[in-house]
Amino acid sequence: MTHAYLSGLNPEQREAVTLPRQSALILAGAGSGKTRVLTLRIAYLIQTGQVSPHGILAVTFTNKAAREMLTRLSAALPINTRGMWVGTFHGLCNRLLRAHHREAGLPALFQILDSQDQLAAVKRVMKALNIDEEKYPPRQVQHFISGNKEQGLRASDIEAYDPHTRRMAEIFAAYDEQCQKEGVADFAELLLRCYELLSRDEGLRRHYQQRFRYILVDEFQDTNRLQYLWLKLLAGDEGAVFAVGDDDQSIYAFRGARVGNMADFERDFQVEKIVRLERNYRSQGNILEAANALIRHNAERLGKNLWTDEGEGEPIRLFEAPTDRAEADFIVEEVEALQRDGMALSDMALLYRSNAQSRVLEHALFSAGLPYRVYGGLRFFERQEIKHALAYLRVMANPNDDGAFLRVVNFPTRGIGARSLEQLQEVAAEGGVSLWQAARHTPLGGKAGAGLRGFVQMIDLLRDTCSHLSLAEQVEQVLAASGLVEHYQKDKQEAERVENLNELVNAAAVFDGEYEPEETADGSPPLPILAAFLAHASLEAGEHQAEGGQDALQLMTVHSAKGLEFRAVFITGLEEGLFPHENAMMDDGGLEEERRLMYVAITRARQRLYLSFAQSRMLHGQMRYGLASRFLREIPSGLIKQVGGGYDYGEAMEWTGPAPAASNGTGFAVGQGVMHAKFGIGVIVNCEGRGADARVQVNFRDSGVKWLALEYAKLTPL
DNA sequence: ACTACGAGACTTTTT
DNA sequence: GTCTCGTAGT
């Protein structure tokens, strides 16, 4: 049998796509056609009649990736994708939990907490338990809770040997209890709840194991422990898992990703053969060679080498700037030159390690009048005004949702102060009921009482009028009745918020048109569109920035550049302490993860790659003097061409900073390069005292930042 | 209930 | 430098 769509594949890709039914690990290097292999694998399985769409489960990490897979799939084959489960881990778990909410112990209309909501919920629990936020920072507690859930652990599973951890576990337990009472689930809960449900319910487990005979996983290197356990459970003994990933692109260990899952997978799933996709269709030779050389400095690797037959292409350009501003100015010049040569701005990307670095770049771009687009920041459904509107909808859908209740009961203000709310919370706690129930049954006096009654009435009325309206109309009703729009209209500065609220109505209208209720197996009523919309809002926070359209330069962190490609890429701020980031060096494996991050950055470029760093930079309102990143030295110098200034790259570490100002009478000054017998070379970043008392702070290339007394430390000026 | 001021942080991020 | 958060003052 011939399959036209297989003809364009290289031998390894073809091997992966046509593997027999067995679990397989596909090591897919950057730009090796990973998504193509994944979608064609599905197409192949279906077209050869090995499985119907009904038997396929494909998991991704982002909604974008899931959408892309579906789009490409329908383009490759005229197959019906209905019946196939394609989505994110969280989306799929949500779907499963909705279908079996009773067995899972959740209300039909359970709400999903995003990280913001979760943090608020944690604070609430801590307040109820009277816990000092100084001793237990809510963010840390939140991290503790999510982190443990992502390991598959409940509060009762935690072995606490110290009082601090024990207390955290207590908060964890109370938090889960609160969520259960309120009928809400955080992100990690979706997965854990689903995992527990399938573990406990053999019938259900068998059912899904038999259904999903083929499971495909994208970005496998980013899975956490719980996701791995979930996959293993769902696959059972019979399931075939097709895992695609790249250990060299694992950059999310800090949020629980476990590269070790790849090795475990090989063992646990009896993987017979690892298919390596090493042929790269994106970048030219020099760029790939740089990436290969860099990543070879990592010890923990499965091993892989990218290649191309495209030719070596242009040299990599390196620019050393005296300051961060000069770095930005240089980039502006180069961007303009590329633009003159006919490259679209949207084909160029400026990458940086941390968001704070975008400021200087933006400033320079703005002055030059170059249109740009910054990725990151608040997304649509995370905006305050949208969260407020959604909270009204949430109270309507699930009156037990205390979090949503508290968010809007006095917003816009209805004269219900903190004191009345505390009272209400007491009443609710005593009666073991939700705030909503307490508000409805306990008459409070005065202004607050009236406000509260008004709120309850409004919600009741809204629920009533909305029962027969379309989703978009429901949202309109809420916006009008709540007074949200009015509130924001009062302030001219808040005009954008009003626009966003109108945009929410549009989003609801779109959802109206697309929503197809899930057929329920047991004849129970389908999920109302409102609940589905709220779940959608939590699970898919929307675009980072709405405006597209205009041709604009792309600015983003290296993390958010993963999966993208550009004709020209600028990797900026290549300084020790910034990239690799100093905080990353603390935890073990940190440097290797930073290096993988650099690897990801390099492999985004198709034709032209710029690397730049600044000798000095404003950081935290202070001037910082940095050394060139070690990553620069890990790229063979033969691939690199110095641009914009005569400076010998081979001597990268030995540049002499600003002329030493002898102000402290020692001959050493901030910015000065120095050599120490034990610590090696570094740069002075701070000085204090004079003469015999003088101390200097030195940022050493290999040993970090240290304070040294000049009288004792033998420092040689460079 | 709203504003103003000071303290402290400040790496990366999707769901 | 700049943003967020919490508290104190009007």
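Quick caveat: nothing in here was measured; it's all calculated off a predicted structure.

Q: How should I be thinking about the protein's contact with DNA strand B in this particular structure?
A: The local shell around DNA strand B holds 29 residues, among which Asn 63, Ser 115, Arg 353, Asn 355 and Thr 557 are the closest. In this structure, a phosphate oxygen belonging to DNA strand B sits 2.8 Å away from a main-chain N or O atom of Asn 63. Between DNA strand B and Arg 353, the relevant distance is 2.5 Å, taken from a base oxygen to a side-chain nitrogen or oxygen of the residue. Residues of the surface near DNA strand B, tallied by class, amount to seven nonpolar, 18 polar and four charged.

Q: Can you help me understand the protein's contact with DNA strand C in this one?
A: Around DNA strand C sit Arg 359, His 620 and Gly 621, and that is every residue in its neighbourhood. Counting only atoms of DNA strand C within 4 Å of the protein, the sugar-phosphate share comes to 38%. One of the side-chain nitrogen or oxygen atoms of Arg 359 is found 2.6 Å away from a phosphate oxygen of DNA strand C. Between DNA strand C and the protein, one listed contact pairs a base oxygen with a backbone N or O atom of His 620 at 3.4 Å.

Q: Explanation requested: the pattern of salt bridges in the structure shown.
A: A side chain with one charge may pair with a side chain of the opposite charge, provided their charged atoms come close. Enumeration according to the criterion identifies 46 salt bridges in this entry. With a closest N to O distance of 3.4 Å, Lys 273 and Glu 15 form a salt bridge. Here Lys 273 is found in the loop between helix H12 (260-268) and strand E8 (274-277), whereas its partner Glu 15 is found in helix H1 (residues 11-17), with 258 residues between them in sequence. Judged by its relative accessible area of 27%, Glu 15 falls in the partly exposed class. For Arg 279, the salt bridge identified is with Asp 309, shortest N-O distance 3.3 Å. Here Arg 279, found in the loop between E8 and helix H13 (285-295), pairs with Asp 309, found in the loop between H13 and strand E9 (316-323); they are 30 residues apart in sequence, far enough to count as distant. Given the relative accessible area of 22%, Arg 279 is considered partly exposed.

Q: Whenever I open this one, the pairing of strand E10 (residues 348-352) confuses me. Can you help?
A: The side chains of a regular strand alternate between the sheet's two faces. The element E10 is extensively covered by neighbouring structure, given that five of its five residues are classed as buried. What you see with E10 is no split at all: Met 348, Leu 350 and Tyr 352 on one side and Ala 349 and Leu 351 on the other are buried throughout. Pairing geometry for E10 and strand E13 (residues 566-571), over four bridges, is parallel. Within the sheet, the bridge partner assigned to Leu 350 lies in E13 and is Phe 570. In this structure, E10 lies alongside strand E12 (residues 553-557), joined through four bridges in parallel fashion. Paired with Ala 349 across the bridge in E12 is Gln 554.

Q: Please clarify how the nonpolar core should be interpreted in this entry.
A: Among soluble globular proteins, nonpolar side chains are generally buried collectively. The biggest cluster of nonpolar side chains holds 51 residues, and the ones touching the most others in it are Phe 405, Leu 424 and Phe 455. The greatest single-element share of this core, amounting to nine residues, is contributed by helix H16 (residues 384-397). Those residues in contact with Leu 424 that sit more than four places away from it in its chain are Phe 405, Leu 435, Ala 438, Ala 439, Thr 442, Leu 444 and Leu 452. Among the nonpolar cores identified, the runner-up in size contains 43 residues, and Leu 197, Leu 204, Val 217 and Phe 269 belong to it.

Q: Looking at this structure, how should I read the environment of Leu 70?
A: Note on placement: Leu 70 falls in helix H3 (residues 63-76). A relative accessible area of 28% places Leu 70 in the partly exposed class. Sequence spacing of Leu 70 and Leu 113 is 43 residues, and the spatial spacing of their C-alpha atoms is 27 Å. In this structure, Leu 70 is in contact with Thr 81, Met 84 and Val 86, ignoring residues within four places of it in sequence.

Q: Quick question: what am I supposed to make of helix H15 (residues 358-368) here?
A: Those residues of H15 that fall on the buried side of the exposure criterion are Ser 358, Leu 361, Ala 364 and Leu 365. Axial view of H15: buried residues confined to an arc of 135°, hence all on one face. Across H15 from its buried face, at more than 90 degrees, point the exposed residues Arg 359, His 363, Phe 366 and Ser 367. Buried-residue contacts for H15 involve helix H14 (324-340), E10, strand E11 (372-374) and E12. Positive phi appears at Gly 369, one or two residues downstream of H15, with a value of about 70°.

Q: I tried to follow the packing of helix H6 (residues 115-128) against helix H8 (residues 163-182) on my own but got confused; where do I start?
A: Axis angle and axis distance: for two packed helices, these are the angle between their axes and the distance between the axes, and together they describe the pair. Orientation of H6 relative to H8, taken along the N-to-C sense of each, is 110°, at an axis distance of 9 Å. Accordingly, the angle class assigned to the pair H6 and H8 is roughly perpendicular. Crossing geometry of H6 relative to H8 is assigned as right-handed. Mapping the contact onto sequence places Gln 118, Ala 121, Val 122, Arg 124, Val 125 and Met 126 in H6 and Ile 171, Ala 174, Tyr 175, Gln 178 and Glu 182 in H8.

Q: Honestly, the environment of Gly 29 in this entry has me stumped. Any pointers?
A: As for its placement among the helices and strands, Gly 29 is situated in the loop between strand E1 (24-28) and helix H2 (34-47). With a relative accessible area of 3%, Gly 29 lands in the buried category. Distance in space between the C-alpha atoms of Gly 29 and Met 348 is 22 Å, their sequence separation being 319 residues. Sequence-distant contacts of Gly 29, that is, excluding residues within four places in its chain, are made with Asp 246, Gln 249, Leu 277, Lys 304 and Leu 306.

Q: Whenever I open this one, unusual backbone geometry confuses me. Can you help?
A: Negative phi values dominate among residues other than glycine, just as trans dominates among peptide bonds. Following Phe 411, the chain continues to Pro 412 via a peptide bond in cis, the omega torsion being -5°. Position of Pro 412 among the secondary structure elements: in the loop between helix H17 (402-408) and helix H18 (418-431). Even without glycine at this site, His 620 takes up a positive phi of about 55°. In this structure, His 620 sits in the loop between strand E14 (605-619) and strand E15 (622-625).

Q: I tried to follow the packing of aromatic side chains on my own but got confused; where do I start?
A: A ring pair, where both rings are aromatic, is described by two values, the distance of the centres and the angle of the planes. Taken as a whole and judged by the stated rule, the model has 22 aromatic pairs. Ring centres of Phe 330 and Tyr 610 lie 6.3 Å apart, and the angle between their planes is 75°; this geometry places the pair in the edge-to-face category. Taken together, the residues Phe 330 in helix H14 and Tyr 610 in strand E14 connect sequence positions 280 residues apart. Tyr 610 shares its class with Phe 330; the two are buried.

Calculation notes
The numbering scheme is per chain: residues are counted from 1 as the chain's sequence reads. To read the labels, note that chains go from A and ligands from 1, taken in the order they are written. Residue-level local features of this predicted model are given only where pLDDT is at least 70; pairs of side-chain atoms are given and counted only at 80 or more, and the full residue set underlies all totals for whole chains, interfaces and linings. Values shown for side chains rest on all heavy atoms present in the structure; no hydrogens or waters enter the calculation. The criterion for a residue being near a molecule or strand is simple. One of its heavy atoms has to lie within 4 Å of it. Under this definition, polar contacts are N or O atom pairs within 3.5 Å; protein pairs additionally need one hydrogen-donor-capable and one acceptor-capable atom, and for neighbouring residues in sequence, both atoms have to be side-chain atoms. Each residue is assigned to one of three groups, with Ala, Val, Leu, Ile, Met, Phe, Trp, Tyr, Cys and Pro labelled nonpolar, Asp, Glu, Lys and Arg labelled charged, and all others, Gly among them, labelled polar. The salt bridge definition used is simple: a Lys or Arg side-chain nitrogen within 4 Å of an Asp or Glu carboxyl oxygen. Secondary structure follows DSSP: runs of H or I at least 4 residues long count as helices, runs of E at least 2 residues long count as strands, and numbering of each begins at the N terminus. The buried label goes to any residue with under 20% of its type's maximum accessible area, the exposed label to any with over 50%, and the partly exposed label to all in between, with areas taken from a 1.4 Å probe on protein chains only. Strand pairing is assigned whenever DSSP identifies at least 2 bridges connecting the two strands. To define a nonpolar core, start from buried Ala, Val, Leu, Ile, Met, Phe, Trp, Tyr and Cys residues and group those joined through side-chain atoms within 4.5 Å. Residue contacts are counted whenever heavy atoms from the two residues lie within 4.5 Å of one another. The arc refers to the directions leading from the helix axis to the C-beta atoms. The convention used is that axes are lines fitted to C-alpha atoms, helices contributing only their stretch in contact, and that angles between N-to-C directions extend from 0 to 180 degrees. The labels follow the angle: roughly parallel below 35 degrees, roughly antiparallel above 145, roughly perpendicular from 65 to 115, and oblique for the rest. In this scheme the handedness of a crossing depends on how the near helix is turned from the far one: anticlockwise by less than a right angle means left-handed, clockwise means right-handed. Any two of the Phe, Tyr and Trp rings considered here, Trp counted by its six-membered ring, make a pair once their centres fall within 6.5 Å; the pair's planes then place it as stacked at under 30 degrees, edge-to-face at over 60, or tilted in between.

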